[in-house]
Amino acid sequence: MRYLLDANVFIAAKNLHYGLDFCPAFWGWLVHNGNTGKVFSIDKVADEIEAVGDELSEWAKNDGMVLFRRTPPTLAQQFAQVSEWAFGQQYEPVAINTFLQGADYYLLAHALAGDYIVVTHEVPSSSPRRIKIPNACLGLGVRYMTPFQMLRTEGARFVLGGVR
């Protein structure tokens, strides 16, 4: 399986569960799996992270660069597919506009093109005011899961010394 990470995976990890200062194993796991071809994100997510200008931005620019794939010009068909899906739903025009201008739109096009599982903390919603990644994944036939599901599926273990 190959995974494509949403910005909220990085942000929540830094702010909540796997702070850069106390759980370097999580960040090392991401980089290692980026190098092996299992875990990625995209340039638009990197842009969102770098715009904040914090320790996560520094990590992304330095250690995490292997994770962020550029958006190739060959994704036209996938962008069209995601756009068509969004316009075919009952979302408010501002929700569609916001979605089409954000990283989530690009993330879904990449997922379709590369047969990735999208990893996000978002949950489905019936609100017409915002397009959530899980709703788009369900509509487009793309698998998605939480970061915790990904870590369990991949057997990630962050163990202190000899403690088991």
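Computed from a predicted structure; not experimentally measured.

(A) Expanded view of the overall build of the protein. The helix and strand tally for the protein stands at nine helices and five strands. Helices (α) and strands (β) of the protein occur, in sequence order from the N terminus, as β-α-α-β-α-α-β-α-α-α-β-α-β-α. In terms of overall dimensions, the protein is globule-like: its C-alpha atoms have a radius of gyration of 16 Å, near the 15 Å expected for 164 residues. Structurally, the protein occupies a C-alpha span of about 55 × 30 × 30 Å along its principal axes. Looking at the protein residue by residue over its 164 residues, the buried ones come to 46%. Of the contacts formed within the protein by residues at least 6 apart in sequence, a portion of 74% connects residues at least 24 apart. With the model as given, the accessible surface of the protein reaches about 8700 Å², and the carbon-plus-sulfur share is 51%. One way to put it: in the protein the 14 positive side-chain charges average out to a point 7 Å from where the 16 negative ones average out.

(B) Structural view of the side chain of Ser41. Counting through the fold element by element, Ser41 comes out in strand β2 (residues 39–42). Accessibility expressed as a relative area gives 0% for Ser41, which makes it buried. One polar contact links the side chain of Ser41 to the main-chain carbonyl oxygen of Leu5, over a distance of 2.6 Å. Beyond its immediate chain neighbours, meaning those up to four positions away, Ser41 contacts Leu4, Leu5, Phe10, Leu67, Phe68 and Arg69.

(C) Summary view of the nonpolar core. One finds Phe10, Trp27, Leu30 and Trp59 to be the most contacted residues of the largest nonpolar core, which totals 55 residues. With six residues, helix α7 (residues 103–114) is the single largest residue contributor to this core. Leaving out residues up to four positions away in the same chain, Trp59 has contacts with Phe10, Leu20, Trp27, Leu30, Val31, Gly64 and Leu67.

(D) Geometry of the pairing of β2. On β2, burial covers both faces: Val39 and Ser41 on one face and Phe40 and Ile42 on the other are all buried. Here strand β1 (residues 3–5) runs beside β2; their pairing, made up of two bridges, is parallel. Bridge pairing in β2 places Tyr3 opposite Val39. In terms of strand pairing, β2 meets strand β3 (residues 68–69) through two bridges, oriented parallel.

(E) The pattern of salt bridges, seen in detail. All chains considered together, the criterion is met by five salt bridges. Ionic pairing is found between Asp54 and Lys14, a salt bridge with its closest N-O pair at 3.0 Å. With a gap of 40 residues between them, Asp54 in the loop between α3 (43–52) and α4 (55–61) and Lys14 in helix α1 (residues 7–17) connect regions that are remote in the sequence.

(F) Representation of the sheet that holds β1 within the structure. Reading across the sheet, the five strands line up as β3-β2-β1-β4-β5 and stay open at both edges, with parallel pairing between neighbours. Edge positions in the sheet fall to β3 and β5 (144–145), since each of these pairs with one other strand and no more. Each of β1, β2, β3 and β4 (117–119) touches α1; the most contacted strand, β1, lies at about 65 degrees to it.

Rules used throughout
- Residues numbered from 1 in each chain as written.
- Predicted model: local features only at pLDDT ≥ 70, side-chain atom pairs only at ≥ 80, totals over all residues.
- Heavy atoms only, no water.
- Helix = DSSP H or I, 4+ residues; strand = E, 2+ residues; numbered from the N terminus.
- Rg over C-alpha atoms; globule rule 2.2 N^0.38 Å.
- Buried < 20%, exposed > 50% of the residue type's maximum accessible area, 1.4 Å probe, protein only.
- Contact = heavy atoms within 4.5 Å.
- Areas by Shrake-Rupley, 256 points an atom, 1.4 Å probe, with all protein chains shown as cover.
- Lys, Arg positive; Asp, Glu negative; His and termini not counted.
- Charge placed at Lys NZ, Arg CZ, Asp CG, Glu CD.
- Polar contact = N/O pair within 3.5 Å; in protein donor to acceptor, adjacent residues only side chain to side chain.
- Core = buried A, V, L, I, M, F, W, Y, C linked by side-chain atoms within 4.5 Å.
- Pairing = 2+ DSSP bridges.
- Salt bridge = Lys/Arg side-chain N within 4 Å of Asp/Glu carboxyl O.
- Axes fitted to C-alpha atoms, helices over the stretch in contact; angles between N-to-C directions.

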